[in-house]
Amino acid sequence: MLALGSPTIRVRTSTNCNVLLKELQQIWNDIGESEADQDRMLLELERECLDVYRRKVDEAANAKARLHQSVAAKEAELATLMATLGELNIDSPIQREKRSNSLKEKLASVAPLVEDLRVKKEERMKQFSDIKAQIEKISGEISGYNHLNNAPVSSLTLDEQDLSVRKLTEYQAHLHTLQKEKSDRLHKVLECVNEVHSLCGVLGLDFGQTVSEVDPSLHRTSIEQSTNISNSTFEGLEQTIQKLKTERKARIQKLKDIVASLLELWNLMDSSREERSKFSRITLILGNSEPEITEPGFLSTDIIEQASAEVERLTELKASRMKELVMKRRSELEEMCRMAHIEPDTSTSAEKSNALIDSGLVDPSELLANIEAQIVKAKEEALSRKEIMDRIDRWLFACEEENWLEDYNQDENRYSAGRGAHINLKRAERARVTVNKIPAIVDNLINKTLAWEDEKKMLFLYDGARLVSILEDYKVSRQQKEEEKKRSRDQKKLQDLLLTEKEAMYGSRPSPRKSTSFRKPNGYRPNGNGSMTPTPRRNSVGSGTPELLTPRSYSGRQNGYFKEMRRLSTTPLNFVAVSKEDTMSYASVCGSVLGSPPHD
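Residues numbered from 1 in each chain as written. Predicted model: local features only at pLDDT ≥ 70, side-chain atom pairs only at ≥ 80, totals over all residues. Heavy atoms only, no water.

You'll find the protein chain entered in an unreviewed UniProt entry as 65-kDa microtubule-associated protein 6, with Prunus persica given as the organism. In its Sequence similarities (unreviewed entry) section, UniProt records this for the protein chain: "Belongs to the MAP65/ASE1 family." (UniProt positions renumbered as here; feature names shortened; annotations may be inferred.)

Okay, structure coming up:
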């Protein structure tokens with residue numbers, strides 16, 4: 001050991017040992033120890049010193065071994081840490097071994113590096129752990145996990161032997177990919193959840209309960225709770241949305257049916273504005289499509305139940321007033337048929353309807369529905385007959401003008417200078433133009449009617465009688481009337497001839513007769529300006545001029561059409577009737593000697 005020490009320490013030790021050895025020898029001499037004893041005790045002392053040296057050497061060797069082991073362990077740990085962290089640019093003590101041979105120096109140089117790398121490893125481990133935790137959380141949200149214990153199943157195992165920056169970058173890239181996927185899925189989930197919220201609002205359902213049935217995490221109560229954005233969540237949300245849309249469609253159809261019933265009942269019952277205003281909001285459903293219905297609670301069960309209750313109430317009220325409604329609608333049908341000159345269906349006549357309702361054999365609703373169907377049919381038939389009916393009105397108007405013109409022509413004062421005479425004259429001119437068109441109007445109307453009958457495969461009836469037959473009869477009666485007028489003119493010419501012969505025989509003429517002496521005012525009435533306007537006349541078949549058979553004359557015959565036709569067929573067509581006026585004129589001519597012939 002002394003050999004290993006410095007020279008100063010070796011000199012000091014040797015001097016001290018020599019001083020102590022001399023002092024010991026002096027003590028032995030003073031004691032009187034023999035040289036043999038002194039040699040023996042010196043030998044023992046030398047042995048003891050060797051033992052002490054040997055023990056110290058062993059202790060130093062052990063300390064060296066331990067120190068060498070520590071240095072080796074530190075160097076190994078340093079190498080491991082460098083490999084784990086991927087630190088390849090650090091100046092290793094192994095590389096500096098040539099510059100420092102002391103173990104303590106090696107240990108002193110390695111220990112700080114190891115400590116620094118340990119701290120760096122802890123920090124790197126924390127980074128990996130944080131990233132791993134985020135990856136596991138997002139992976140759990142994407143893949144789905146048990147929310148009861150909130151324990152995601154990790155599919156990522158951290159390799160502590162590789163904590164390099166390259167591995168950390170890989171983890172960060174993987175985390176970024178998962179974050180992007182999570183963002184896309186959250187956006188999609190949010191869209192689905194918003195749609196569920198909108199549908200629940202319209203249907204009046206509990207949104208929280210609805211989404212919780214899909215996954216409790218969708219209705220979060222705390223920020224820390226993760227949201228399940230797995231494929232199963234998407235499937236659940238899509239199924240829920242489809243289920244809600246189906247329910248919405250069913251409720252819309254149900255509410256539309258209810259609203260249609262309400263509108264029908266309101267119209268039938270003549271409900272007041274106040275009664276309708278209570279449900280005026282839901283009537284808007286008839287004009288809106290499914291996507292346009294977004295008002296909260298619009299399709300709630302409460303709204304539907306209230307509307308259904310109102311329909312039931314009105315239905316019960318309708319049942320009590322059904323008889324009145326049936327009679328009202330039947331009257332409307334009869335009025336509609338009367339305006340269109342159509343014979344109404346006798347199966348729902350007022351008498352039969354009353355009897356059926358009172359007997360209870362028929363449900364009033366069915367009877368009312370039957371009448372409604374007849375009304376629809378009558379409207380359709382009236383629409384198809386409109387063109388012909390317009391032509392009939394033209395014909396009837398022309399007939400009225402013809403009757404007026406006949407009365408006007410028989411007025412001997414029609415050319416007087418009285419007030420309003422020029423107005424009647426202008427009307428007579430227009431009436432003549434109209435009357436001249438009657439044959440063409442009738443022929444055209446017959447052709448139109450026959451075309452209509454060919455198209456519809458049915459007869460065109462006017463107040464129960466076939467219009468074509470009425471028109472043909474009218475043409476016959478008009479021809480008879482023209483022939484009668486011709487015979488009257490011939491008779492008048494004969495009278496004029498007889499008067500001329502009388503005049504030549506007796507040399508005198510009868511005095512002019514005054515029409516007012518023998519005739520009454522034939523349907524005259526003031527027209528407001530002092531003149532007299534003739535009113536239409538209706539001559540019977542047995543009169544001097546046959547009656548013109550128009551639809552209006554048919555309509556008042558109470559289904560006596562065929563009887564009238566038989567009566568007309570038995571009337572002689574060559575019957576000539578002399579009017580009372582002409583008879584008196586002829587008598588005056590034959591019985592008098594003085595006078596003049598009558599004026600035309």
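Attention now goes to the nonpolar core. One finds Val-196, Leu-255, Ile-282, Ile-285 and Leu-299 to be the most contacted residues of the largest nonpolar core, which totals 52 residues. Looking at this core, the elements with two or more residues in it are helix H2 (35-85), helix H3 (103-143), helix H4 (165-203), helix H5 (207-214), helix H6 (231-269) and helix H8 (301-320). At 12 residues, the largest contribution of residues to this core is made by H4. If you look at the next biggest cluster of nonpolar residues, it comprises 27 residues, including Ile-388, Val-435, Trp-452 and Tyr-474. (Core = buried A, V, L, I, M, F, W, Y, C linked by side-chain atoms within 4.5 Å. Buried < 20%, exposed > 50% of the residue type's maximum accessible area, 1.4 Å probe, protein only. Helix = DSSP H or I, 4+ residues; strand = E, 2+ residues; numbered from the N terminus.)

With 41 residues, H3 ought to run about 60 Å at 1.5 Å a step, and its terminal C-alpha atoms sit 56 Å apart, in line with that. You can read the cap of H3 off the contacts: a side-chain oxygen lies 3.4 Å from the backbone nitrogen of Lys-104, and it is on Ser-102. (Expected span 1.5 Å × (residues − 1). Polar contact = N/O pair within 3.5 Å; in protein donor to acceptor, adjacent residues only side chain to side chain.)

Moving on, we get to the pattern of salt bridges. Note that side chains of opposite charge can pair when their charged atoms are close. On inspection of all chains with the given rule, the structure shows 30 salt bridges. Note that Asp-390 is salt-bridged to Lys-386, the shortest N-O span being 3.2 Å. Residue Asp-390 and its partner Lys-386 are both found in helix H11 (residues 364-409); the two are separated by four residues, about one turn of the helix. Judged by relative accessible area, Asp-390 falls into the partly exposed class, the value being 36%. The partly exposed category is assigned to Lys-386, whose relative accessible area is 47%. Three or more residues joined by partner-sharing salt bridges are found here, namely Glu-77, Glu-115 and Arg-118. (Salt bridge = Lys/Arg side-chain N within 4 Å of Asp/Glu carboxyl O.)

Judged by side-chain polarity, Leu-494, Leu-497 and Leu-498 come together as a nonpolar surface patch covering roughly 240 Å² of accessible area. Looking at the element boundaries, Leu-498 is found in helix H14 (residues 467-506). On the accessibility criterion, Leu-498 (31% relative accessible area) is partly exposed. (Patch = residues over 30% accessible without salt bridge, like charges linked within 9 Å, V, L, I, M, F, W, Y side chains within 5 Å. Areas by Shrake-Rupley, 256 points an atom, 1.4 Å probe, with all protein chains shown as cover.)

Each pair of packed helices can be summarised by the angle the axes make with each other and by the distance between the axes. For the pair helix H13 (residues 438-456) and H14, interaxial distance at closest approach is 9 Å and the crossing angle is 160°. Considered as vectors, H13 and H14 are oriented roughly antiparallel to each other. Like other packed secondary-structure pairs, H13 and H14 cross with a definite hand, here left-handed. For the pair H13 and H14, the contacting residues are Ile-438, Pro-439, Val-442, Asp-443, Leu-445, Ile-446, Thr-449, Leu-450 and Glu-453 in the first and Leu-467, Val-468, Leu-471, Glu-472, Tyr-474, Lys-475 and Arg-478 in the second. Residue composition of the contact of H13 with H14, by class: 10 nonpolar, one polar and five charged. (Axes fitted to C-alpha atoms, helices over the stretch in contact; angles between N-to-C directions. Parallel < 35°, antiparallel > 145°, perpendicular 65-115°, else oblique. Left-handed = near helix turned anticlockwise from the far one by under 90°. Contact = heavy atoms within 4.5 Å. Nonpolar A, V, L, I, M, F, W, Y, C, P; charged D, E, K, R; others polar.)

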